[in-house]
Amino acid sequence: MKKTAALMMAAMMAASVLSGCGGKQKWVDGDGKIDGDLTFWTQDTEPWKTYFEPAIEEFKKAYPDVNVTVEYFAEFADKANQAFAAGEEPDVMQTYNSISDWAKGGKIADIPESVITKEEMESLYYESALKNKMYDGKYYCIPSEINVESPSLYVNMDILEKESVELPETWIENNGPASFAELLEVANKLTVKNSDGSVTRSGLAYTYAQWEANFLSLILQYGGDYKDEANNKVKFVTDEAKKAAETLLKYCQGPDAVSDEGDTRYDLFIQGTAAMCVGAPWYAGSFAIDIPDVNWQVFNMPAWVEGADPISIGTGGWGYVVSEKCKNKEAAWAFVQFMTSAEQTGKWALTTGALPARTDSLTDLEYDPNVGSVNKALAIVKDILPYAAEDGAYMGTPSTLTYTIVREKLRQLLVDGDIDTALKEMEDKGNQMIEEYLNR
């Protein structure tokens with residue numbers, strides 16, 4: 001089985017804040033030696049440790065004069081934000097946070113051309129993976145992955161066998177259903193409801209845990225847009241947003257429901273109370289660990305809207321940054337370049353289920369189309385990645401819009417069904433968020 005390659009490097013910075021004057025000093029090569037001490041931070045999960053521990057040992061063998069101290073944190077986003085606020089950040093950090101505030105505050109530096117040029121970035125990476133790595137026209141982080149939450153379809157083949165339901169052969173041939181109507185036909189056969197009509201086994205679970213991304217992608221599939229970058233605004237009081245909300249409600253409430261509305265789609269699939277679920281490519285890596293004895297398959301999701309492209313929401317995920325305060329820049333850049341080489345990023349992708357942000361990575365990944373696997377999940381999603389839409393980097397923290405504001409209003413929508421109020425509050429709170437970011 002081929003290991004393949006690569007997302008590419010992660011990001012870093014250069015420059016050092018002068019104490020007492022607030023000015024910047026450009027990074028100048030020191031003695032040219034790759035040596036000294038480095039601190040490196042990342043999150044504390046088993047897949048991360050499984051990858052990083054041997055990878056860092058390999059780096060130490062290649063650069064024996066560099067001493068790397070690694071720290072893993074469970075509440076990683078909180079730890080990173082607190083550290084930068086206190087001026088206690090590490091030399092090198094892997095992060096999924098938006099880098100805008102750190103770049104705006106002079107905490108990190110733009111990428112020197114000796115690492116990768118702007119032209120190289122834009123020719124090698126998916127566009128939607130890059131925008132949240134840029135501030136004021138400069139890149140401050142090279143993405144390791146593109147984060148897409150809703151392009152994949154997972155099927156519990158054990159449940160299908162038990163229920164004597166067969167998938168159309170074309171799903172294997174075409175890496176997924178030809179249409180949402182075709183998917184819905186299978187989902188209806190697999191959905192189980194109790195006497196009051198509520199779903200006890202989801203034919204297609206899609207609520208909670210990133211279903212906000214489904215909502216945003218549905219707006220785009222209906223031909224609308226929630227982004228108004230020219231005016232630094234968002235807009236949700238639109239016909240397309242209303243159709244998107246109605247669609248999500250239709251299939252998790254009422255007579256057409258195929259999805260449980262009260263638990264995460266991931267948990268439902270793990271528990272065996274969902275026959276199929278919408279998910280991200282990284283689900284495959286987690287399923288391989290959490291349900292090793294379950295026979296599951298993976299396909300690409302079709303567009304929910306007939307005639308539309310299979311649009312999903314894509315952003316730049318994990319990447320590497322270097323603090324301006326780092327005293328051993330040569331070692332830091334060597335570390336970044338090593339960890340983002342084709343070999344290492346290939347190992348990273350296959351260990352964590354991450355989807356490389358580079359368009360030329362994982363091009364020769366082998367898999368059996370008849371069997372669900374991490375390899376298959378990573379390989380087939382590349383067919384629909386060109387349709388991944390960037391989520392709105394101009395907002396500064398678009399993830400707050402998606403996973404705080406939109407999430408909260410969608411969950412309230414499940415309770416009261418008041419679509420107009422939910423959309424109005426999404427718009428108002430989203431625009432308030434953007435205004436606060438711009439005025440910081």
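What you see is a predicted model, and the numbers here were worked out from it, not measured in a lab.

Q: Which parts of the structure should I look at to understand the sheet that holds strand β15 (residues 276-279)?
A: Hydrogen bonds between backbone atoms are what pair the strands of a sheet, whose relative direction is either parallel or antiparallel. If you walk across this open sheet you meet the 3 strands as β15-β10-β16, and the pairing is antiparallel. A strand with exactly one partner marks an edge of an open sheet, and here the two such strands are β15 and β16 (296-300). Neighbour to neighbour, the strand axes of the sheet diverge by 25° on average, direction disregarded. Relative to the sheet, helix α12 (residues 282-290) contacts β10 (152-156), β15 and β16, its axis offset from that of β15 by approximately 130°.

Q: Sorry if this is basic, but what is going on with the packing of helix α10 (residues 239-250) against helix α17 (residues 419-438) here?
A: How two helices sit against one another is set out by the angle between their axes and by the gap between those axes. Packing of α10 against α17 brings their axes to within 10 Å, and their N-to-C directions diverge by 125°. The angle between α10 and α17 falls in the class oblique. As for how α10 packs across α17, the hand of that crossing is right-handed. Between α10 and α17, the residues in contact are A241, K242, A245, E246 and L249 and I419, D420 and L423, respectively. Each residue belonging to the contact of α10 with α17 can be placed in one class, and the counts come to 5 nonpolar, no polar and 3 charged.

Q: Looking at this structure, how should I read the sheet that holds strand β17 (residues 312-316)?
A: Across the sheet, which stays open at both edges, the 3 strands sit in the order β9-β17-β19 with mixed pairing between neighbours. Among the strands making up the open sheet, the edge pair consists of β9 (146-148) and β19 (388-390). Between one strand axis and the next, the sheet turns by 45° as a mean value, whatever way the strands run. Where β9 meets β17, 3 bridges bridge the pair, whose relative direction is antiparallel. Note that in β17 the partner of I146 across the bridge is G316. Here helix α9 (residues 211-221) sits on the sheet and contacts β17 and β19; the angle it forms with β17, its principal contact strand, is near 115°.

Q: What exactly am I supposed to notice about the pairing of β16 here?
A: Burial within β16 is extensive, with 5 of its 5 residues counted as buried. In this sheet, β16 lies alongside β10 in antiparallel orientation, the contact comprising 5 bridges. Across the sheet, residue Y154 finds its bridge partner in β16, namely V298.

Q: Looking at this model, I keep getting lost on the nonpolar core. Mind explaining?
A: The nonpolar side chains of a soluble globular protein tend to be buried, and buried together. Counting 58 residues, the largest nonpolar core has L153, W171, L204, F215, F236, M276 and L401 as its most contacted members. When contributions to this core are tallied by element, the ones reaching two or more residues are β10, α6 (157-162), α8 (180-190), α9, α10, β15, α16 (398-416) and α17. For this core, the element with the highest residue contribution is α9, accounting for 7 residues. In this structure, I146, A205, A280 and A379 belong to the second largest nonpolar core, which totals 42 residues.

Q: How should I be thinking about the pattern of salt bridges in this particular structure?
A: Under the criterion given, the structure shown has 12 salt bridges. Residue D44 pairs with K49 through a salt bridge whose shortest N-O separation is 3.2 Å. One salt bridge connects K242 with D420, and the closest N-O pair in it is separated by 3.4 Å. With K242 in helix α10 and D420 in helix α17, this pair connects stretches of sequence that are 178 residues apart. For D420, a relative accessible area of 47% corresponds to the partly exposed category. A single salt-bridge network, built from bridges that share partners, covers E58, E343 and K347.

Q: Sorry if this is basic, but what is going on with the layout of surface pockets here?
A: Sizing a probe to match a water molecule and rolling it over the atoms shows the empty space that remains. By volume, the largest pocket amounts to about 1300 Å³. Y96, E145, N147, E149 and W318 are, among the 45 residues lining the largest pocket, the residues nearest its centre. Sorting the residues of the lining of the largest pocket by element identifies α1 (46-62), α2 (76-86), α3 (100-104), β9, α12, β17 and α16 as the ones contributing at least two each. At 7 residues, the largest contribution of residues to the lining of the largest pocket is made by α16. Looking at the lining of the largest pocket residue by residue, the classes come out as 19 nonpolar, 20 polar and 6 charged. What lines the second largest pocket is a set of 26 residues, among which S179, F180, P302, A303 and W304 lie closest to the centre. Residues that form the lining of the second largest pocket fall into these classes: 15 nonpolar, 7 polar and 4 charged.

Q: Explain α8 to me, please; I cannot follow it from the model alone.
A: The periodicity of an α-helix, 3.6 residues per turn, causes residues three or four places apart in sequence to face the same way. By the burial criterion, the buried members of α8 are F180, L183, L184, V186, A187 and L190. What you see down the axis of α8 is that its buried residues fit within an arc of 165°, all on one side. α8 presents A181 and K189 as exposed residues on the side facing more than 90 degrees away from its buried surface.

Q: Can you help me understand the environment of I111 in this one?
A: Position of I111 relative to the elements: it lies in the loop between α3 and α4 (118-124). In the structure, I111 is positioned 28 residues away from Y139 in sequence and 6.0 Å away in space, judged by C-alpha atoms.

Q: Help me understand the environment of D225 in this model?
A: Secondary-structure assignment places D225 in the loop between α9 and β13 (227-228). A relative accessible area of 28% places D225 in the partly exposed class. For the pair formed by D225 and E149, sequence separation is 76 residues and the distance between their alpha carbons is 18 Å.

Rules used throughout
Residues numbered from 1 in each chain as written. Predicted model: local features only at pLDDT ≥ 70, side-chain atom pairs only at ≥ 80, totals over all residues. Heavy atoms only, no water. Pairing = 2+ DSSP bridges. Helix = DSSP H or I, 4+ residues; strand = E, 2+ residues; numbered from the N terminus. Axes fitted to C-alpha atoms, helices over the stretch in contact; angles between N-to-C directions. Contact = heavy atoms within 4.5 Å. Parallel < 35°, antiparallel > 145°, perpendicular 65-115°, else oblique. Left-handed = near helix turned anticlockwise from the far one by under 90°. Nonpolar A, V, L, I, M, F, W, Y, C, P; charged D, E, K, R; others polar. Buried < 20%, exposed > 50% of the residue type's maximum accessible area, 1.4 Å probe, protein only. Core = buried A, V, L, I, M, F, W, Y, C linked by side-chain atoms within 4.5 Å. Salt bridge = Lys/Arg side-chain N within 4 Å of Asp/Glu carboxyl O. 1 Å grid on protein atoms, 1.4 Å probe; cavity = no way out; pocket = protein on both sides within 12 Å on 5 of 7 lines; lining within 4 Å. Points joined across faces, edges and corners; volume = space filled by probe spheres on them. Arc of directions from axis to C-beta.

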